[in-house]
Amino acid sequence: MATTAITKDAFREIAEGIAVGIEAIGVAVIVLGGIWATGAFVSQLSKRNAIHAALLDYRGNLGHAILLGLGFLVAADIVGTVVVDPTFSNVGVLALIIAVRTFLSFALEVEISGHWPWQRTALSTKQAPACDA
């Protein structure tokens, strides 16, 4: 009777490969999103004279690509640290990396939308038209 149990080393290698794959996806999302945002910006500039509006769209599109890529990079860090080598030192470094990336995410969200993410509901209720029946 043959056993198909995965050894710790084999599991670690698989997890490392998964982490590297997720990192590659994150980098690809950022790079391809940046290329797409730049293409959309150039296209908008050629179609209209509103440089300010095109620039705002460009910043928003680029910011969204970076946010999505950062999400993949955080996931890769979690897999790579917690699954592959869960020492206290590595988990501490992971916490710092996630804190920095979370700060970047919030800063990008404010840059894109002009308000904090938790203010979205309050702003939408203030801007909703009153309905007098």
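Sequence order as written defines residue numbering, which begins from 1 separately in each chain. Residues qualify for local features only when their pLDDT is at least 70, as the model is predicted, and side-chain atom pairs are given and counted only at 80 or more; totals for whole chains, interfaces and linings, by contrast, use all residues. With hydrogens and water stripped out, all remaining heavy atoms of the structure feed into the side-chain values.

*Asks:* Run through the overall build of the chain, naming residues and quoting values.
*Replies:* Going along the chain from the N terminus, every DSSP run of H or I of four or more residues is numbered as a helix, and every run of E of two or more is numbered as a strand. Helices and strands together make up the secondary structure of the chain, namely four helices and zero strands. The contact rule is simple, with two residues in contact once any of their heavy atoms fall within 4.5 Å. Looking at the chain alone, contacts between residues at least 24 apart form 67% of all its contacts between residues at least 6 apart.

*Asks:* So what's going on with a nonpolar patch on the surface? Which residues, and what values?
*Replies:* Only residues whose relative accessible area exceeds 30% and that form no salt bridge enter a patch; like-charged residues are grouped when within 9 Å of one another, and nonpolar side chains (Val, Leu, Ile, Met, Phe, Trp, Tyr) when within 5 Å. Here the open area of atoms and residues is found with the Shrake-Rupley method and a 1.4 Å probe, where only the protein chains shown may cover a residue. The working definition used for a salt bridge is a side-chain nitrogen of Lys or Arg within 4 Å of a carboxyl oxygen of Asp or Glu. Together, Ile-6, Phe-11, Ile-14, Ile-18, Ile-78, Val-82 and Val-83 line one region of the surface with nonpolar side chains, adding up to about 610 Å² of accessible area. Looking at the nonpolar patch, the elements with two or more residues in it are helix 1 (8-47) and helix 2 (51-84). For Phe-11, the location among the structural elements is in helix 1. On the accessibility criterion, Phe-11 (46% relative accessible area) is partly exposed. Note on exposure labels: buried denotes an accessible area under 20% of the residue type's maximum, exposed denotes more than 50%, and partly exposed covers the range between, all computed with a 1.4 Å probe on protein chains only.

*Asks:* Describe the packing of helix 2 against helix 3 (residues 88-113), and please don't skip the residues or the numbers.
*Replies:* Lines are fitted to the C-alpha atoms to define the axes, a helix being fitted only along its stretch in contact, and any angle between axes, read from their N-to-C directions, falls within 0 to 180 degrees. Following both chains from N to C, one finds helix 2 and helix 3 inclined at 165°, their axes separated by 10 Å at the closest point. If you check the angle between helix 2 and helix 3, you find them roughly antiparallel. Crossing handedness for the pair helix 2 and helix 3: left-handed. Gly falls in the polar group here, along with every residue not listed as nonpolar (Ala, Val, Leu, Ile, Met, Phe, Trp, Tyr, Cys, Pro) or charged (Asp, Glu, Lys, Arg). Grouping the constituent residues of the contact of helix 2 with helix 3 by class yields 14 nonpolar, six polar and five charged. These descriptions rest on fixed angle ranges, namely under 35 degrees for roughly parallel, over 145 for roughly antiparallel, 65 to 115 for roughly perpendicular, and the rest for oblique. Crossing handedness: left-handed means the near helix sits turned counterclockwise from the far one by under a right angle, and right-handed means the same turn made clockwise.

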